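# Coordinate analysis (summary)
If you want the building blocks of each chain, they are given just below.
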Amino acid sequence: MDVMVEARGLEKCFGRTRALQGIDLSVPAGSVLGVLGPNGAGKTTTINCLTTLLKPDKGYATIAGYDVIKQPAAVRSLIGVTGQFAAVDEELTARENLVLFGRLLRLSATEATKRATELLGQFELLEAGNRRVKEFSGGMRRRLDLAASIVAEPLVLFLDEPTTGLDPRSRRQLWDMVVALKERGITIFLTTQYLEEADELADRIVVIDRGTVIAEGTSDDLKNRVGGTFCKLELADPKDESKVRRALSGLGDITGTGTLTLAAPDGVTTLSEVVRRVDAIGVTLADISLCRPSLDDVFFALTGHTTGETT
Amino acid sequence: MMAIDLQAKAKQLVKTRCEVGIGRAIADSFIIGQRNLIRLSRQPAVITGVLVFPIVFLTAFLLAFERSMATQNIDYIQYLVPIITLQAMFFTAMNSASNLAGDIDTGMLQRCRAMPISRAAVLGGLLIAYLVRAIVTLAILLPVAYLYGFRFQSGVFSVIGYILLTLFFTTVAVTGYALLALGLKKPDLVQSLVIVPYAPFLLLSSGFSPAENFPNWLQPFVVTQPVSHIAAALRALADGDPLLIPLLWSVAWLTVLLGGFGWTAIWLYRRIS
Ligand SMILES: Nc1ncnc2c1ncn2[C@@H]1O[C@H](COP(=O)(O)OP(=O)(O)OP(=O)(O)O)[C@@H](O)[C@H]1O
Ligand SMILES: [Mg+2]
């Protein structure tokens, strides 16, 4: 498979902060790479290096074979970038924004206008097209930002936390749009703090922490390393803990105190088995739930610390 | 097979989207300039800044000082209009710093930097928009000054010269303030500091009042600093007085400042993060 984006040994320091400490990754053409990491992991810095906005201290990166440091102008004509914070002009209308970017990307005035209308339709902004962006909701802004990044269709689209801060409906809407872009063959480089999002959109996932890649694979690979779905039970009376542990023996490793966690490979079947056994010994549960691993769980499994703790 | 397709497609895109050169820089500057003008036309503060402020200042200074200046044999309207013109341009440039800082803050600048447009286009577009604004300001200020008795004594070339020198000053001031915005980045910070250069350069100049009226220890600064020379050149243009010396000083100052500011601003633009 062809490599569209490649990075080798990227390093970047800001004063004493070592934001990137040797990032290696590659994205096959036409695929979606999800870069998963907590706040401050170096996601935005990685994107900035790949999109020519920042010069890495060490290492190199290429987009479709063009060197981001030595051929930045060429790289810029191949990429679309949607930054972490929607960068569109608040004083302009949605349509004016799209026309502006179209013109800057070499479309004629008529082509740019036509393309703007087309994109407004595609991103469900047609009705709001002639309103100023400062009146837009967060979700609309994000969609416009995404539309602005593909006014001239890029080979690679960079999306930095595209759904952070959106409600579930807007998030779903944006996901659908990203999937549509993927189906058109655009290679996508996406960062996120949500395992769920990477799971939904990405073909492969790279987990980064403190500027280094700590794991890589498909979302199934990662979930297997974390243990997939698990079952969480909270006891009404913590004194029952040893009793419960005995009753559940044979179902797998149980971790935690007070709140007990065990792997639930069979999902609901495991859950109901747990409920049955706990019932049988007459213990009351305060709560029981089936959980999918979150970024925190992935982190805990991979590094032994949670996303909140640093150093 | 696919590798060749991909390479060919990439090459094609680079070829069509990534031209360089001066023509491209100018075209991109005009596109961004147009966008800036749309923005400006929608900011109420800009409208008052352009229409009302210069007139208010002109009127107020005239009322306050015309009599006392007359005792020094100065026809104050002729003396005052040049510095009021420069002051209006200074305010124009201050506003350009706020708008550029806003673009840095919202990420507009980063978006432009990731696009295959000329490196000079963002600054070029800023300049174009603010020069248009400057022309509009002049088109309002000069007729009002005429009503107050201000006259160009020596014909149409001096009017053109007056306008060109004013626009040259505006170019330098906008570039200088762009530098400030690129260096400080945070809109609040920029907003709170734009006034700082105003006090020494505008108020401590021979624009509002002759250098002799300043304390002795301050006079060397007052007579050497650029605004004094430019105001003098504008007065000479309006009055039909000997022009060469103040004009040479003005052009020399403005050229040096433009070179310094412009080079540094582009350098900062390229490496801003
Ligand atoms: N311009 C800068 N100056 C100084 N430090 C910086 C700068 N940009 C990033 N950093 C630091 O580099 C580290 C990595 O930051 P980065 O923005 O890449 O993280 P991130 O993964 O994008 O985080 P988030 O999820 O919060 O967006 C952080 O410790 C951050 O404080
Ligand atoms: Mg970030």
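Residues take numbers from 1 onward in each chain, read along the sequence in its written order. Chain letters and ligand numbers both follow the written order, the letters beginning at A and the numbers at 1. Where local features are concerned, this predicted model is filtered to residues with pLDDT of at least 70; where side-chain atom pairs are given and counted, the filter is 80 or more; whole-chain, interface and lining totals use all residues. The basis for the side-chain values is all heavy atoms of the structure; hydrogens and waters are excluded.

Taken together, 15 residues surround ligand 1, and among them A:Gly40, A:Lys43, A:Thr44, A:Thr45 and A:Glu161 come closest. Throughout, near means a residue has at least one heavy atom within 4 Å of the molecule or strand. Among the chains of the assembly, those with residues near ligand 1 are chains A and B. Identification of polar contacts relies on pairs of N or O atoms within 3.5 Å, with a donor-acceptor requirement for protein atoms, meaning one able to donate a hydrogen and the other able to accept it, and with residues adjacent in sequence counted only if both atoms are side-chain atoms. Note that an oxygen atom of ligand 1 is positioned 3.2 Å from one of the backbone N or O atoms of A:Ala41. Protein chains bury 65% of the 640 Å² of accessible surface belonging to ligand 1 in isolation. For the purposes of this entry, the term helix denotes a DSSP run of H or I that reaches at least four residues, the term strand denotes a run of E that reaches at least two, and both are numbered from the N terminus. For the shell around ligand 1, the secondary structure elements donating two or more residues are strand S2 (17-28) and helix H1 (43-50) of chain A. Each residue is assigned to one class: nonpolar for Ala, Val, Leu, Ile, Met, Phe, Trp, Tyr, Cys and Pro, charged for Asp, Glu, Lys and Arg, and polar for all the others, Gly among them. Classifying every residue of the shell around ligand 1 gives four nonpolar, nine polar and two charged. Note on areas: Shrake-Rupley, 1.4 Å probe, and residue coverage restricted to the protein chains presented here.

Okay, the environment of A:Glu200 next. All names here are of chain A. You can see Glu-200 is positioned in helix H7 (residues 195-201). Only protein chains enter the accessibility calculation, which uses a 1.4 Å probe; a residue is then buried when its area is under 20% of its type maximum, exposed when over 50%, and partly exposed in between. On the basis of relative accessibility, which here comes to 40%, the residue Glu-200 falls in the partly exposed class. Spatially, the C-alpha atom of Glu-200 lies 8.9 Å from that of Ser-219, the residues being 19 residues apart in sequence. A contact between two residues is defined here by any heavy atoms of the two lying within 4.5 Å. Once you skip the residues sitting within four places of it in the chain, Glu-200 turns out to touch Arg-172 and Trp-175.

Reading predicted coordinates in detail is not appropriate for stretches of low pLDDT. All names here are of chain B. Chain-level statistics for chain B give a pLDDT mean of 91 and a share of 98% at 70 or above. For every residue, the predictor assigns a confidence score, pLDDT, that lies between 0 and 100. Element-level pLDDT for chain B is lowest in helix H1 (residues 2-17), with a mean of 79, against a maximum mean of 95 in helix H12 (residues 226-239). Here the complex is predicted with pTM 0.84, and the ipTM for its interfaces comes to 0.86.

On to the sheet that holds S2(A), then. Residue and element names in this part refer to chain A. Two strands pair if DSSP finds at least two bridges between them. Strand order in the open sheet formed by four strands is S2-S1-S4-S5, and the pairing between neighbours is antiparallel. Pairing within the sheet leaves two strands with one partner each, and these edge strands are S2 and strand S5 (66-67). Alignment of strand S1 (residues 3-14) against S2, held across nine bridges, turns out to be antiparallel. The residue bridging Glu-11 from the neighbouring strand is Gln-21, located in S2.

On to the packing of aromatic side chains, then. Residues and elements named next belong to chain B. Ring pairs are drawn from Phe, Tyr and Trp, using the six-membered ring of Trp, whenever the two centres fall within 6.5 Å, and their geometry is named by plane angle: stacked under 30 degrees, edge-to-face over 60, tilted for the rest. Taken as a whole, this structure holds 17 aromatic pairs over all chains when the rule is applied. Here Phe-90 and Tyr-198 contribute two aromatic rings whose centre-to-centre distance is 6.1 Å and whose plane-to-plane angle is 70°, an arrangement assigned as edge-to-face. Highlighted residues: Phe-90 in helix H5 (residues 76-106) and Tyr-198 in helix H10 (residues 198-203), separated in sequence by 108 residues. Here Phe-90 falls in the buried class, since its relative accessible area comes to 6%. Judged by its relative accessible area of 10%, Tyr-198 falls in the buried class.

Okay, the coordination of the magnesium ion (ligand 2) next. Residue and element names in this part refer to chain A. Taken together, Thr-44 (OG1) and Gln-84 (OE1) make up the full set of protein donors to the magnesium ion (ligand 2), lying 1.8 to 2.1 Å away. On the criterion of sequence distance, the pair formed by Thr-44 in helix H1 and Gln-84 in the loop between strand S6 (79-82) and helix H3 (94-104) is long-range, its members being 40 residues apart. Residue Thr-44 is classed as partly exposed on the basis of its relative accessible area of 26%. For Na, K and Ca the donor cutoff is 3.2 Å, while for all other metals N, O and S atoms must lie within 2.8 Å; water is not among the atoms, so some sites may look incomplete.

Another point: the domain arrangement of chain A. Note that the domain bounds were set by an automatic or database domain assignment. Structurally, chain A comprises domain 1 (3-224) and domain 2 (229-291). Relative to domain 2 of chain A, the C-alpha centre of domain 1 of chain A lies at a distance of 42 Å.

Right, let's get into the pattern of salt bridges. Salt-bridge detection follows one rule: a side-chain nitrogen of Lys or Arg within 4 Å of a carboxyl oxygen of Asp or Glu. For the coordinates displayed, the defined rule picks out 23 salt bridges over all chains. For A:Glu11, the salt bridge identified is with A:Lys58, shortest N-O distance 3.8 Å. In this pair, A:Glu11 is assigned in strand S1 and A:Lys58 in strand S4 (residues 58-63), connecting sequence segments 47 residues apart. Among the ionic pairs, A:Asp89 bridges to B:Arg39, the shortest N-O distance being 2.6 Å. Highlighted residues: A:Asp89 in the loop between S6 and H3 and B:Arg39 in helix H2 (residues 22-41), drawn from two different chains. In terms of burial, A:Asp89 and B:Arg39 fall into one category: buried.

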